[in-house]
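# Understanding the architecture of this molecule
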Amino acid sequence: MNYSRKILNYWMQSVSDGDRLNFNEKEIVNFVELPKEEIEAGQIAVSSLEIIEKKVGGGWSSESLNVLICPNPQCKPGRNQSEKNRLFPLVIPGRLEVDGSLHPQKNEPPFIPRKYLEPTHAKSPIVGQLNTAEKYRERKPHSDEGTWEMVWQDAQELMKKVTGKNGAQYQLQGFQPLSHAVVWFGEVSSIPYQEIAKCYEDLTKQNPIPELLKNYTEGAWVGKASHYLEEHGNYSTHHLGQMTDRYPLTISQREALHHFFALENGQLLGINGPPGTGKTTLIQSVVSSLWIQKALAQSEPPIILASSSNNTAIWNILDSFAEAVKGISEDDGESMLFSRWIDGVESFGMTCVAKNKLKNILSSEKRYAWAIRQRAKSRRGDELDGFHSELEKRSIEEQIETFLTHCCTYFGESRLTLDQAKKRLHIKLQQIGNQIEDQSAFFHSRKRFHSQLKKDYNSTQGLEIKIEEITKKKNESRDAFESIDALFKEWLRERGRFFLIRWFTPVQKWANELFFQKQESDLVLNTFKDRDIRKQLLALKNTSEQEYTKNKDQYNKMIKFKNQLELSDKRWEEWKEQEVEQEKDNHTKLYTEMDFEIRLLSKLDTHLRYHAFWLASHYWEARWLEERHDQQTNAFESEEKTWYRYAKLTPCMVSTVLSAPKFFKRLRKPNDYLYNFIDLLIFDESGQVLPEQTAPVFSLAKKALIVGDTEQLQPIPRVSLEVDEANMQRMGLISSQDELNSFVLTGLASSSGSAMKIAQQASPFSKHKDLGGMLLTEHYRCSEDIIQYCNDLCYHGRLIPMKNNPIQGEEVYPGFPTMGYVDIEGTAEKVGGSWENHREAAYVATWIANRSEELTQERQLKDVLAVVTPFRRQADLIDSYLKREFQIEGLTVDTVHSLQGAEKDIILFSATYAGPEVKKQQLFYDDTRYLLNVAVSRAKESFLVLVAWMCLVGKTRRIPPVCCEIACIHFRCLRRISCWN
């Protein structure tokens, strides 16, 4: 079995185990309720066995039954008995024998479900802290040889360590204990994972495995010999489009984009995108450029799918494509270009959404384009319904008329047919495309010439000196060659006149000696025989000819390079003069070469590439209208044709990684997936995407762009390390601790990996030896002091802050430091597994209320400020104070996990920790720098910490780990705000 197939089988098992261990209580069907005493004793009574046998059905008579047991379930009563929300805070995996005896499961210790451990982005009740559970399991690993009594005791100790109480005593606030234990068995199918489970089953039968998926899995394990393209500017001519005219790409965005264009089918590129470095802009540049390329070729549009594992990332992608559509009210030609010419089309993205999630889309204020897959009304297979279906029900004649009205206004024509409009748009697009390619090639060739000049000659003066030197060498080698050539020819003529001499060796020597004396040649000859002289003269001729040819080629190369350099410099100077002349009226001064280079690239991005994007948009609209006008009523079309038509209006489809496979398969053959159909797969926030979620969607695509950051929030695994390691061994992926360590580093491991970690290993290109893939470095969101904290904490100083600290007296929010703190003497209490601090919560709410008028001069408070805290309980408490005491609603008050991708001018960080109990606790930022990185980088203007200072950095605490050490060093540098009332 090849390596990719092993990985597929391993990930398929991870999906199955995840469904079983990371369960949703509502999805558990095969369960029974048994007396708690029987579970604790490890012996199920005969009457209970009969209940289980009846539930399991026939076939359970000679084999053991794998079960999961919650010894102390709880419930939150609903309006009726069927609406009870059950909670399984502690689970013991077991094996039930036919005699009723319970035994431990090998490699599966008792556990508290991950969704109930903080930190988490799941909106679940909190039982305790993740680090507490992990530390317990590190100290007390699961024994493969243990008894049921030992496992029972282990479960109770785990629960007590995490909650402070054993299982029987623990009760979560708002929940009631149930009188019986719950035992469930058989497959637990998670509804969100059902589709990728089906796709995995089909993938394991595919031969060969789709190329992109093969390179994704094997590339991570083997490791690509990645490199940086020094001449990446050669790919700038592929950069044809921009969706915005507000700002050009940065240097690192441009580098990343050029390396993307260097990919071949079957390859992927990882883009490491720290906070605020323009990941979305890069994605838009990729999509718009591919869309324009296909429009220029007059082929079908590209099929592009943007995906992620969480809905927040999906909304962000959709919002970015909706924002690209500008509503222009004027009717003049030029401005008419920058709006859609088909009524109702308000975005360049379309979300493929599960039917049960459609309500969220329809209730949104933003009018997203959407599609669902559902059973066809004819009951013959499935159908796609949604935005495009509704749009295609409208009058095609009215749509064409509206389109042509806009088109005529733009071109200044009184009348155009649809075909004429399409051709005019394409001709105009070609003209713009040619300008882009010409100016891009010119700019980068000039940069390349000057780079070569500096590398090979140091300066133009150095080039002239080298030309003089090579000219002299060329002439000398030419003279030497011509001299030996003439001598050889004369010798041949001499031999021809006295041909009889060739037969008498003594006469040969005499004649040849006489010849060379008469020629006054300074050649040193070993012998004067004809045969030897011919051989020596030919060798000398060939050597001198080669030397002359070499010097002549070098001379021609230098002269050609000089001419190219002079021509490019001449064109550059002419362009600069034009720019200076144009800017006189704007009172703008361009001083340095860098100023002019930035100006050229900026005009390319914000003018030509922006125009090209909109021209392509309208060209595709014309193609869509043509297709609609010509299509046959009720004619069944292929899925490929449907997607191509959709892509003519919405070039980027957006879907969660779990839903995507459902949409890209045959409508009448639901087990026939469209492998290798998607032209480009884009993963956003891929640092949060679990490895086992990715294979099905990778199998559908030809190329992939994986965007994310392994220094921000990590994915929450669905399987434990113990289960994961057992699966690795079972699939033949590891056989030793060293192999386990190596496998974990690939990013492929379900318990610790992510799509971004895999992409770092599998990318063919990288700029930094210690970081696979490309890195975006220019940061525009936060003030310099704020992002420098993250820069030192996580990014080895590689980020380039582009937003200076405010000048004193010119602050957006006077009196607010960029980084500050207030020392609050409160007391933290552990409630329901989480932490809260009433005094700190009240202080935060009061401060916001007192400053609300000051902060909302021009904007709403919810758009200016957010509150971040490590704990769900503290977030709920602050939100409660705001609503109850000050009637402030709609403000973002949440944990760090809910805020990745968001940004506010001011972030208040409620640390919560305070009081004597906390001194014994391991603080959340002792374990990971990621949470601090995300929290701080949400703030654009000011990051303010509320904290019991001595609890954080006081001498009474033990020496913190490295990441906390860094955090403490920076927190000590915060500006203390002594009066914050």
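Since this is a predicted model, take the numbers as computed values, not measurements. (Residues numbered from 1 in each chain as written. Predicted model: local features only at pLDDT ≥ 70, side-chain atom pairs only at ≥ 80, totals over all residues. Heavy atoms only, no water.)

## A closer look at helix 6 (residues 194–203)
Those residues of helix 6 lying buried are E195, I196, C199, Y200, D202 and L203. Taken around the axis of helix 6, the buried residues stretch over an arc of 165°, which confines them to a single face. Buried residues belonging to helix 6 abut helix 1 (3–21), helix 7 (211–222), helix 21 (660–663) and helix 22 (695–698). (Buried < 20%, exposed > 50% of the residue type's maximum accessible area, 1.4 Å probe, protein only. Helix = DSSP H or I, 4+ residues; strand = E, 2+ residues; numbered from the N terminus. Arc of directions from axis to C-beta. Contact = heavy atoms within 4.5 Å.)

## Quick notes on the environment of Y610
Assignment of secondary structure puts Y610 in helix 19 (residues 593–630). The class for Y610 is buried, based on a relative accessible area of 1%. In this structure, the C-alpha to C-alpha distance between Y610 and Q242, residues 368 residues apart in sequence, is 4.8 Å.

## Looking at the pattern of salt bridges
For the structure on display, the rule yields 54 salt bridges. Among the salt bridges present, the one from K541 reaches D485, with a minimum N-O distance of 3.2 Å. Within this pair, whereas K541 is found in helix 18 (residues 530–583), its partner D485 is found in helix 16 (residues 460–497), the two being separated by 56 residues in sequence. E627 is the partner of K648 in a salt bridge, and the nearest nitrogen-oxygen pair spans 3.1 Å. With a gap of 21 residues between them, K648 in the loop between helix 20 (639–647) and strand 16 (652–656) and E627 in helix 19 connect regions that are remote in the sequence. Given a relative accessible area of 1%, K648 falls into the buried group. Taken together, the shared-partner salt bridges in this structure form one network comprising E300, E392, E627, E637, R645 and K648. (Salt bridge = Lys/Arg side-chain N within 4 Å of Asp/Glu carboxyl O.)

## Brief notes about the pairing of strand 15 (residues 382–386)
Strand 15 sits mainly inside the fold: four of its five residues count as buried. Bridge analysis of strand 14 (residues 369–375) against strand 15 gives five bridges, and the strand direction is antiparallel. From the neighbouring strand, A371 faces strand 15, where its bridge partner is G386. Between strand 14 and strand 15, which pair antiparallel and follow one another directly, the connecting turn spans six residues, one of which, R379, has a positive phi of 70°. (Pairing = 2+ DSSP bridges.)

## Some points on the nonpolar core
Within the largest apolar cluster, 150 residues are counted, with the highest numbers of intra-cluster contacts made by W643, F664, F698 and F743. If sequence neighbours within four positions are ignored, F664 has contacts with I303, L305, W643, Y673, L674, F677, I678 and L700. Grouped together as the second largest cluster of nonpolar side chains are 34 residues, L102, W152, M159 and Y170 included. (Core = buried A, V, L, I, M, F, W, Y, C linked by side-chain atoms within 4.5 Å.)

## Digging into the confidence of the model for the chain
Reading fine detail from the predicted coordinates is not recommended where pLDDT is low. On average, residues of the chain carry a pLDDT of 87, and 89% of them reach 70 or more. Note on residues 955–973: pLDDT under 50 across the span, and 39 contacts to partners over four residues away in sequence or across chains. (pLDDT = per-residue confidence, 0-100.)

## Details of the packing of helix 1 against helix 7
Two numbers describe how helix 1 lies on helix 7: the axes approach to 9 Å, and their chain directions differ by 95°. With respect to helix 7, the axis of helix 1 lies roughly perpendicular. In contact with Y3, S4, I7, L8 and W11 of helix 1, helix 7 contributes L213, K214, Y216, T217, E218 and W221. (Axes fitted to C-alpha atoms, helices over the stretch in contact; angles between N-to-C directions. Parallel < 35°, antiparallel > 145°, perpendicular 65-115°, else oblique.)

## Some thoughts on the state of the cysteines
Summed over all chains, the structure comprises zero disulfides. With no disulfide partner, C352 has as its closest neighbouring cysteine sulfur the one in C652, 9.6 Å distant. Free of any disulfide, C790 has its nearest neighbouring cysteine sulfur in C782, separated by 6.5 Å. (Disulfide = S-S within 2.5 Å.)

## Some details on helix 10 (residues 311–323)
Given a rise of 1.5 Å per residue, 13 residues ought to cover 18 Å, and the 18 Å separating the end C-alpha atoms of helix 10 matches this to within 8%. Buried residues belonging to helix 10 abut helix 9 (279–297), strand 12 (304–308), strand 13 (349–352) and strand 16. Where helix 10 begins, the capping side chain belongs to N310, and its oxygen is found 2.7 Å from the backbone nitrogen of A313. (Expected span 1.5 Å × (residues − 1). Polar contact = N/O pair within 3.5 Å; in protein donor to acceptor, adjacent residues only side chain to side chain.)

## Considerations on the side chain of H618
With respect to the element layout, H618 can be found in helix 19. Residue class for H618 comes out buried when judged on its relative accessible area of 0%. A polar contact is formed between the side chain of H618 and the backbone oxygen of S339, at a distance of 3.2 Å. Within the structure, H618 has its side chain in polar contact with the side chain of E621 (distance 2.8 Å). The residues contacting H618, other than those within four sequence positions of it, are L337, S339, R340, W341, F403 and L425.

## Some points on the packing of helix 27 (residues 838–855) against helix 29 (residues 872–886)
Viewed as axis vectors pointing N to C, helix 27 and helix 29 meet at an angle of 45°, and their least axial separation amounts to 9 Å. On the basis of the axis angle, helix 27 is oblique to helix 29. At the point where helix 27 passes helix 29, the crossing takes the right-handed sense. Taken together, the residues of helix 29 that come into contact with helix 27 (itself represented by H838, E840, A841, A842, V844, A845, T846, I848 and A849) are Q874, L877, I878, Y881, L882 and F886. (Left-handed = near helix turned anticlockwise from the far one by under 90°.)

## Considerations on unusual backbone geometry
Each neighbour pair has its own omega, and for E118 with P119 the value is 10°, a cis peptide bond. Take P119: it is sitting in the loop between strand 7 (117–118) and strand 8 (128–129). That bond from N207 to P208 is cis: its omega, 5°, falls within 30 degrees of zero. With respect to the helices, strands and loops of the structure, P208 is situated in the loop between helix 6 and helix 7. Although it is not a glycine, N676 adopts a positive phi angle of roughly 60°. Within the secondary structure, N676 sits in the loop between helix 21 and strand 17 (678–683). Its identity is not glycine, yet Q887 carries a phi of approximately 55°, on the positive side. Position of Q887 relative to the elements: it lies in the loop between helix 29 and strand 26 (892–895). Residue Q887 is classed as exposed on the basis of its relative accessible area of 58%.

## A look at the environment of E903
Looking at the secondary structure, you find E903 in the loop between strand 26 and strand 27 (904–910). Between the C-alpha atom of E903 and that of L865, which follows or precedes it by 38 residues, the distance is 8.9 Å. Residue contacts for E903: discarding those within four places in its chain leaves R781, R938 and K940. Here the side chain of E903 touches R781 through a polar contact of 2.9 Å, side chain to side chain.

## Regarding a nonpolar patch on the surface
A surface patch of nonpolar side chains, amounting to about 280 Å² of accessible area, comprises Y780, I800 and M802. By relative accessible area, Y780 is classed as partly exposed at 47%. (Patch = residues over 30% accessible without salt bridge, like charges linked within 9 Å, V, L, I, M, F, W, Y side chains within 5 Å. Areas by Shrake-Rupley, 256 points an atom, 1.4 Å probe, with all protein chains shown as cover.)

## Topic: the sheet that holds strand 5 (residues 92–96)
One key point about sheets: their strands pair by backbone hydrogen bonds, in either a parallel or an antiparallel sense. Judged by pairing direction, the sheet is antiparallel, and its five strands sit side by side in the order 1-10-2-5-6 without closing on themselves. Both edges of this open sheet fall to strand 1 (31–35) and strand 6 (102–104), since each of them pairs with a single strand only. Across this sheet, the average inter-strand angle for adjacent strands is 40°, counted without regard to direction. As judged from the four bridges shared by strand 2 (residues 65–70) and strand 10 (residues 180–185), these two strands associate in the antiparallel manner. Among the inter-strand pairings, L68 is bridged to a residue of strand 10, identified as W184. Its contacts with the sheet put helix 3 (residues 46–56) on strand 1, strand 2, strand 5 and strand 10, and the angle it makes with strand 1 is roughly 180°. On the sheet, helix 5 (residues 148–163) packs against strand 2, strand 5 and strand 6 and is oriented at approximately 165° with respect to strand 5.

## Concerning the sheet that holds strand 18 (residues 701–708)
Judged by pairing direction, the sheet is mixed, and its nine strands sit side by side in the order 15-14-13-16-12-17-18-11-19 without closing on themselves. A strand with exactly one partner marks an edge of an open sheet, and here the two such strands are strand 15 and strand 19 (774–775). Together, strand 11 (268–272), strand 12, strand 16, strand 17 and strand 18 form the strand contacts of helix 9, whose direction differs from that of strand 17 by roughly 175°.

## Things to note about the packing of aromatic side chains
One pass over the full model with this rule turns up 32 aromatic pairs. Measuring from ring centre to ring centre gives 5.0 Å for F338 and Y610, while their planes differ by 20°; the resulting arrangement is stacked. A residue pair is termed long-range when its members are at least 10 positions apart, and F338 in the loop between helix 11 (333–336) and strand 13 and Y610 in helix 19 qualify at 272 residues. A network of ring pairs unites the aromatic residues W11, Y216, F683 and F698 as a single cluster. Taking the ring centre of F31 as reference, the NZ or CZ of R86 above it sits at 4.4 Å. (Phe/Tyr/Trp six-rings, centres within 6.5 Å; stacked < 30°, edge-to-face > 60°. Lys NZ or Arg CZ within 6 Å of the ring centre and 35° of its normal.)

## A look at the pairing of strand 17
Burial of strand 17 is extensive: six of the six residues sit out of reach of the surface. Two strands pair when backbone bridges link them, and strand 12 and strand 17 are joined in this way by four bridges, in the parallel orientation. Its bridge partner lying in strand 17, L305 is registered against L681. For strand 17 and strand 18, the ladder comprises five bridges, and the chain directions are parallel. Counterpart to I678 in the pairing with strand 18 is A701.

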